[in-house]
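Working through the structure, step by step
Letter by letter, the chains look like this.
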Amino acid sequence: MRIRRLTAAVATVLLTVTGATTAAATHQPKPKPKPTIVLVHGAFADGGSWSEVTKKLQRDGYTVVSPAVPLRSIATDTEYLKGVLAGISGPKVLVGHSYGGALITELAGAADVKSLVYVAAFVPQAGETIGALNAQFPGSEINETTTNTITYPGGVDLVMKPDAFRWVFAADLPSRQAAVLASSQRPVAASVFTETVPASAPADLPKYAVIAGKDRAIAPAAERFMAKRANAKVVEAPGASHLVMLSEPSLVTHTIEQAAR
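Residues numbered from 1 in each chain as written. Predicted model: local features only at pLDDT ≥ 70, side-chain atom pairs only at ≥ 80, totals over all residues. Heavy atoms only, no water.

**Some words on the overall build of the protein**
When you go through the protein residue by residue, the secondary structure sums to ten helices and nine strands. A buried classification covers 46% of the 261 residues belonging to the protein. For the protein, contacts bridging at least 24 residues in sequence account for 70% of all contacts bridging at least 6. Surface accessibility of the protein: about 12,600 Å² in total, with carbon and sulfur atoms responsible for 59%. (Helix = DSSP H or I, 4+ residues; strand = E, 2+ residues; numbered from the N terminus. Buried < 20%, exposed > 50% of the residue type's maximum accessible area, 1.4 Å probe, protein only. Contact = heavy atoms within 4.5 Å. Areas by Shrake-Rupley, 256 points an atom, 1.4 Å probe, with all protein chains shown as cover.)

Laid out in structure tokens, this is it:
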């Protein structure tokens, strides 16, 4: 009888503990979903410029969207990307490279945007042009000697000369890789450099900025000025070219994931 009573008591205790554990597990809050990372490429480029960063983000469990930007005008490109964002549910981190920085600035007020990351990018304010910002500090080598123009009935496009592409954009990448990027570059409407930016990003939205220390497309001093003015957390890549997301993808990915957390 004593053995039976002891066995019954032990069984009761086990059931009680198991029930309490199950209840505790049931009431544990579900982890918040990771935000979708939207990677916005710049001028003379396409989504392939994010290839290394995309692989790392996907490996770490993030959903990544890298849309093809029309490169027609700030207004047109912003409206197009608003349509892209409308199809993405939940929180989003917007990442802009170069000209793409002007676009994520204009998209910052869209629903569920959690933070902004500027990668060797323009961080303009309302009423400015990216051309004037780029001329404010010496160091940019995007000019008439490094670009060709494509004139057509709809306007004028700019394209980097193949022999200047690596020097301006990709000096720290292998020459063969830079040559492939130069051959597949996408022209940008020349008017984007003189188009007035309509709005500044909200001051209270978290911002991060990766500064490419050897950039010859946007002067590093201009990148620092714009980032600090926007109160962005600055991350330095001292030896990096304009295509820092290809030459230092781990640093860029780490910065994006900081913004996502």
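On we go.
**Some words on helix α3 (residues 74–86)**
Note that an α-helix has 3.6 residues per turn; residues three or four places apart therefore point the same way. For α3, spanning 13 residues, the distance from its first C-alpha to its last is 18 Å, which sits close to the expected 18 Å at 1.5 Å a residue. The complete set of buried residues in α3 reads Ile 74, Asp 77, Thr 78, Leu 81, Val 84 and Leu 85. Around the axis of α3, the buried residues are gathered within 115° of arc, so they sit on the same side. Turned more than 90 degrees from where α3 packs its buried face, Glu 79, Gly 83 and Ala 86 sit exposed. (Expected span 1.5 Å × (residues − 1). Arc of directions from axis to C-beta.)

**Quick word on the pairing of strand β1 (residues 36–40)**
Across the five residues of β1, five count as buried, placing the element largely inside the fold. Along β1, one buried face is formed by Thr 36, Val 38 and Val 40 and the opposite face, lined by Ile 37 and Leu 39, is buried too. Of the pairings in the sheet, the one linking β1 to strand β3 (residues 92–97) comprises five bridges and is parallel in character. Across the sheet, Val 40 pairs through a bridge with Gly 96, a residue of β3. Bridge count between β1 and strand β2 (residues 64–65): two bridges; the pairing is parallel. In the sheet register, Ile 37 faces β2, and the bridge partner there is Val 64. Crossover handedness for the path β1 to helix α2 (residues 51–59) to β2: right-handed. (Pairing = 2+ DSSP bridges. Right-handed = clockwise from strand over helix to strand, strands pointing away.)

**A look at the environment of Lys 114**
Looking at the element boundaries, Lys 114 is found in strand β4 (residues 113–119). Note on Lys 114: relative accessible area 34%, which makes it partly exposed. C-alpha of Lys 114 to C-alpha of Gly 90: the two residues are 24 residues apart in sequence and 9.7 Å apart in space. Sequence-distant contacts of Lys 114, that is, excluding residues within four places in its chain, are made with Pro 35, Lys 92, Val 93, Leu 205, Pro 206, Ala 259, Ala 260 and Arg 261.

**What about the confidence of the model for the protein?**
Chain-level pLDDT for the protein is 92 on average; 89% of the residues reach the 70-or-more range. With pLDDT under 50 throughout, residues 6–25 is counted as low confidence; its partners more than four residues away or in other chains account for zero contacts. (pLDDT = per-residue confidence, 0-100.)

**Observations concerning α2**
Residues of α2 that are buried include every one of Val 53, Thr 54 and Leu 57, and no others. Axial view of α2: buried residues confined to an arc of 100°, hence all on one face. Summarising the contacts, the buried residues of α2 are in contact with β1, β2, α9 (244–247) and α10 (249–260).

**Structural notes on the pattern of salt bridges**
A full pass over the atoms with the stated rule returns six salt bridges. A salt bridge links Asp 60 to Arg 59; the nearest nitrogen and oxygen atoms lie 3.1 Å apart. Here Asp 60 falls in the partly exposed class, since its relative accessible area comes to 25%. For Arg 59, a relative accessible area of 59% corresponds to the exposed category. (Salt bridge = Lys/Arg side-chain N within 4 Å of Asp/Glu carboxyl O.)

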